[in-house]
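Observations on the three-dimensional arrangement
So you can see what is in the structure, the chains are spelled out below.
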Amino acid sequence: MDRLPSRQADDLTPPAENDALPHLRREGLLEPSGGAVAAHDGTGRVELAFTVEAKEAPATHRSVRVPPGVTVFDAASWNGIAIDSTCGGHGTCHKCKVQVAPDAPVTRHDERTFTADQLLAGWRLACLVQATTDLTVAVPPLTTRPKAATVGVGRQVILRPGVQKRYVELDEPTLADQQTDLDRLLAALPDLEPTVDLHALRRLPQVLRAADFKVTAVVVDDALIDVEPGDTTEQRHAIAFDLGTTTVVATLIDLATGTPAAVDSMLNRQQPFGADVISRISATMMDPETLGRLQRAAAETLGALTEQVCADAGVAPESVYEVALAGNATMTALALGVDPEPMGVAPFVMATATLPTVLAADLGLAVHPRARAQIFPALGAYVGGDIVAGMLATGMDRDKRVRLFVDVGTNCEIVLSDGTTILSTAAPAGPAFEGGQIRCGMRAADGAIEVVRLDPTAVEVADEGEPGNPVSLQVIGDVAPRGLCGSGLVDAVAELVRVGLLDASGRLVSVEDAKEIAPSLADRLTSVGEERVFVLYRPAPDAEPSECVYLSQRDVRELQFAKAAISTGWTLLLEELGLGHDDVAQVLLAGSFGSYLSPASAIRIGLVPQLPVLRIVSAGNVAGEGAKMTLLSVRERAGARALLEEVRYVELSDRADFNERFIDLLGF
């Protein structure tokens, strides 16, 4: 199959107009109805031959057979082939770009996504291509390791892990001393009174005699889970997981020293089912078998990270005796195979707020067979264990100052404490901060613009994007820009507001006004199709706007809706406690996005209260820090459970004044 010679699939940007569309219509490729496809009788199977490209590895090839009429996206998802998407295959994010042969009909969404040359070369949106005949499908490289915060703000704790190892040398039994093996071992552990796992009991007779009765007892919490030959007391590890909707972070901890041994992150393999929890819940509602697929995807993600961190540290997975998992309520439910549907519809009810201690094997992890998994409790369907972990790490219940905790994401969780009362809520921000629904949006991976600075006094020079230019960009990976991630989106809007090219209502000013306000930037205000845009990066001086990385008027609106939802959330919490902006002593921006978000830009667009910038703290991966703390100290586990009694959840959808405040806070 012919490839596009001059552009990578990840570089595809919406066209200004498609001059070849009349030709496509004459050839019968363009659907006059914008959605009709060739009819089929619904019998038999069609074969899809996938070629999946990778950035640093050879392409893989796989053929699958599916019923006719299935979309290419669904066929790939069913068979574990990852195609980029943030909408879950509903045709709204325009990210599931593939190249198919023979030619498939062109939909209206394809028209808005690809240039005419790309359409002729076979580029289509996978979720809109129905397989009515055998196809070959080329899948562009998927970013599996986006830029993510792996550490965050935390507290020092006294090292007292739930995993304990005791080396003992026992007397061998004799005819005069016929004490049982178990009683002999327990007698050597006078300060412990553990229950005994069957796994340990099965191994006990053989291990004792093979090791000349010199063994190490492995106790996790109150259970004797294993007996190991010799002295293995220095070999005890645990893994803390931050199970995010987009990114999952794993930290391997040496429990003997309390220090991290390795850390790694990767994209959650559930992403083909949608970028947000609602999309994934909806997927389980439409197809009962999807719950099993999502559970397997979570297990594969956690399992791959487990293998990676153990390999990085040179640690045998069998020496991992405990894991902690901090995730939102939906991600936790899906990882455990619990039906999430009740959380997706009013009145948004969880199966349980606190989960029992389960085995790591229940999460699909190949560690010690009797390793325990500590699952963080949740405050509500949309304020989950990741937020409880973040509150634990930042000591929200220990500080007497007024502090605001904001985890910015598709679902934004907000916590406010005045030193006595702690309130929490969730705001539906949407996928804009993850690059979803943004014309040139992408995840925080190589090629993503993450920082934007505008200088109306500078003069345009040849090397666009460099310091001294009117537009200065910082790009992840120090490569040519391919798109705009969440922090770059916020920066771009904040800078346009600052220089006056974006008015308070969120509208890009006219070219005439721009020439008066910022002459050196005015030529960047143009149009793609009928939509006004501001060009951030031109791959060539004479590049068409559709070939550039730009911010569109619709992108601005998406950000406005997201930031208004978040600011409405913390505004209502402040009012609930009778507080104003100036009363807030500290704002903690949590999560990977919060780590890279410019505090000044967040203040300028109203994402956080109007405060001195030094009061805004990028807290990083506090969910992961909280998970680590519970592995290092059993006392902190009790602290996490106690937070459930101390925090009051405020449901925004039940507030009569939500819509009014939301509208008031749309402006910049």
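Residues numbered from 1 in each chain as written. Predicted model: local features only at pLDDT ≥ 70, side-chain atom pairs only at ≥ 80, totals over all residues. Heavy atoms only, no water.

Looking at the overall build of the protein
When its secondary structure is counted, the protein shows 20 helices and 27 strands. Within the protein, the fraction of its 668 residues that count as buried is 56%. Considering only residue pairs separated by 6 or more positions, the protein has 68% of its internal contacts joining residues 24 or more positions apart. Accessible surface, the protein as shown: approximately 27000 Å² in total, 50% of it carbon and sulfur. (Helix = DSSP H or I, 4+ residues; strand = E, 2+ residues; numbered from the N terminus. Buried < 20%, exposed > 50% of the residue type's maximum accessible area, 1.4 Å probe, protein only. Contact = heavy atoms within 4.5 Å. Areas by Shrake-Rupley, 256 points an atom, 1.4 Å probe, with all protein chains shown as cover.)

A closer look at the confidence of the model for the protein
Model confidence for the protein is summarised by a mean pLDDT of 87, while 88% of its residues fall at 70 or above. Every residue in residues 1-43 scores below 50 in pLDDT, and together they form 99 contacts with partners more than four places removed in sequence or on other chains. (pLDDT = per-residue confidence, 0-100.)

Focus: the packing of helix α7 (residues 277-286) against helix α9 (residues 329-336)
Axis separation between α7 and α9 bottoms out at 10 Å; the angle between their running directions is 35°. Crossing handedness for the pair α7 and α9: left-handed. The segment α7 lies against α9, with Val277, Arg280, Ile281 and Thr284 engaging Thr330, Met331 and Leu334. Partitioning the contact of α7 with α9 into residue classes produces four nonpolar, two polar and one charged. (Axes fitted to C-alpha atoms, helices over the stretch in contact; angles between N-to-C directions. Left-handed = near helix turned anticlockwise from the far one by under 90°. Nonpolar A, V, L, I, M, F, W, Y, C, P; charged D, E, K, R; others polar.)

Focus: the side chain of Glu413
Among the secondary structure elements, Glu413 is positioned in strand β17 (residues 411-417). Within the buried core, Glu413 has no salt-bridge partner, and the shortest N-O distance to an opposite charge, that of Arg280, equals 12 Å. A polar side-chain atom of Glu413 sits 3.3 Å from a polar atom in the side chain of Asn411. When neighbours within four sequence positions are excluded, Glu413 is seen to be in contact with Tyr382, Val383, Asp386, Ile387, Phe405, Val406, Asp407, Thr425 and Ala426. (Lys, Arg positive; Asp, Glu negative; His and termini not counted. Salt bridge = Lys/Arg side-chain N within 4 Å of Asp/Glu carboxyl O. Polar contact = N/O pair within 3.5 Å; in protein donor to acceptor, adjacent residues only side chain to side chain.)

Description of the nonpolar core
Core analysis: the biggest nonpolar cluster contains 79 residues, and Phe241, Val323, Leu363 and Met391 have the highest contact counts within it. For this core, the element with the highest residue contribution is helix α8 (residues 290-313), accounting for seven residues. Those residues in contact with Phe241 that lie beyond four places of it in its chain are Val249, Ala250, Leu302, Leu305, Thr306, Val323, Ala324, Leu325, Ala326, Leu365 and Ala627. Within the second largest apolar cluster, 73 residues are counted, among which are Ala427, Val475, Leu489 and Tyr537. (Core = buried A, V, L, I, M, F, W, Y, C linked by side-chain atoms within 4.5 Å.)

Description of the sheet that holds strand β7 (residues 195-196)
Within the open sheet, the four strands sit side by side as β6-β8-β9-β7. Their pairing is mixed. Edge positions in the sheet fall to β6 (163-169) and β7, since each of these pairs with one other strand and no more. Alignment of strand β8 (residues 214-220) against strand β9 (residues 223-229), held across six bridges, turns out to be antiparallel. Residue pairing across strands places Val218 opposite Asp226, the latter belonging to β9. Along the sheet face, helix α6 (residues 198-210) touches β7, β8 and β9 and points at about 25° away from the line of β9. (Pairing = 2+ DSSP bridges.)

Let's talk about the pairing of strand β3 (residues 97-101)
β3 sits mainly inside the fold: four of its five residues count as buried. Across three bridges, the pairing between β3 and strand β4 (residues 123-125) is antiparallel. The residue bridging Val98 from the neighbouring strand is Arg124, located in β4. Where β3 lies against strand β5 (residues 135-139), three bridges are found, and the strand directions are antiparallel. Counted as the bridge partner of Val100 is Val137 from β5.

Side note on α7
All buried positions along α7 are accounted for by Val277, Ser279, Arg280, Ile281, Ala283 and Thr284. Packing partners of the buried residues in α7 comprise α8, α9 and α10 (341-344). Between a side-chain oxygen at the N-terminus of α7 and the backbone nitrogen of Ile278 the separation is 3.1 Å; the capping residue is Asp276.

Focus on the packing of aromatic side chains
The tally for this structure, following the rule as stated, stands at four aromatic pairs. Taking the centre distance of 6.1 Å and the plane angle of 25° together, the rings of Phe658 and Phe662 count as stacked. Residue Phe658 and its partner Phe662 are located together in helix α20 (residues 658-664), separated by four residues, close to a single helical turn. On the basis of relative accessibility, which here comes to 18%, the residue Phe662 falls in the buried class. Here a set of aromatic residues connected by ring pairs shows up, and it is made of Phe561, Phe658 and Phe662. (Phe/Tyr/Trp six-rings, centres within 6.5 Å; stacked < 30°, edge-to-face > 60°.)

Focus on the sheet that holds strand β19 (residues 448-454)
Sheet strands line up and pair through hydrogen bonds in the backbone, either parallel or antiparallel. As summarised here, the arrangement of the three strands in space is β20-β19-β21, forming an open sheet in which the pairing is mixed. Sheet topology places β20 (471-475) and β21 (483-484) at the edges, where each strand pairs with a single neighbour. Summarising the sheet, β19 and β21 pair through two bridges and their orientation is parallel. In the strand pairing of β21, Ile449 is matched with Leu484. Strand contacts of helix α12 (residues 486-499): β19 and β21, with the helix running at about 15° to β19, the strand carrying the most contacts.

Brief notes about the environment of Phe376
Along the chain, the position of Phe376 falls in the loop between β15 (372-375) and α11 (385-394). Note on Phe376: relative accessible area 6%, which makes it buried. Separated by 250 residues in sequence, Phe376 and Gly626 place their C-alpha atoms 9.3 Å apart. Those residues in contact with Phe376 that sit more than four places away from it in its chain are Leu325, Ala326, Gly385, Val388, Ala389, Leu392, Gly626, Ala627, Thr630 and Ala640.

Let's talk about the pairing of strand β23 (residues 531-537)
Across the seven residues that make up β23, a large majority, six, are buried. Here strand β22 (residues 525-528) pairs with β23 via four bridges, running antiparallel. By the bridge assignment, Leu525 is partnered in β23 with Phe534. Hairpin connection of β22 to β23: two residues between the antiparallel strands, including Gly529 at a positive phi of 65°. Where β23 lies against strand β24 (residues 549-552), four bridges are found, and the strand directions are antiparallel. Within β24, the residue paired with Phe534 across the bridge is Leu551.

With respect to the pattern of salt bridges
Inspection of every chain in the model, using the stated rule, returns 27 salt bridges. Measuring nitrogen to oxygen at the nearest pair gives 4.0 Å for the salt bridge that ties Arg398 to Glu636. Linking Arg398 in the loop between α11 and β16 (403-407) with Glu636 in helix α19 (residues 634-646), this pair joins segments that are 238 residues apart in sequence. Look at the salt bridges and you will find they share partners, linking Glu576, Arg648, Arg655 and Asp657 into a network.

So, the packing of α8 against α9
A pair of packed helices is captured by two measures, namely the crossing angle of their axes and the spacing between those axes. Here α8 crosses α9 at 95°, and the two axes come no closer than 7 Å. Comparing their axes, α9 and α8 come out roughly perpendicular. Listed contacts from α9 to Leu291, Leu294, Gln295 and Ala298 of α8 are Leu334, Ala335 and Leu336. When the residues that make up the contact of α8 with α9 are grouped by side-chain class, the tally is six nonpolar, one polar and no charged. (Parallel < 35°, antiparallel > 145°, perpendicular 65-115°, else oblique.)

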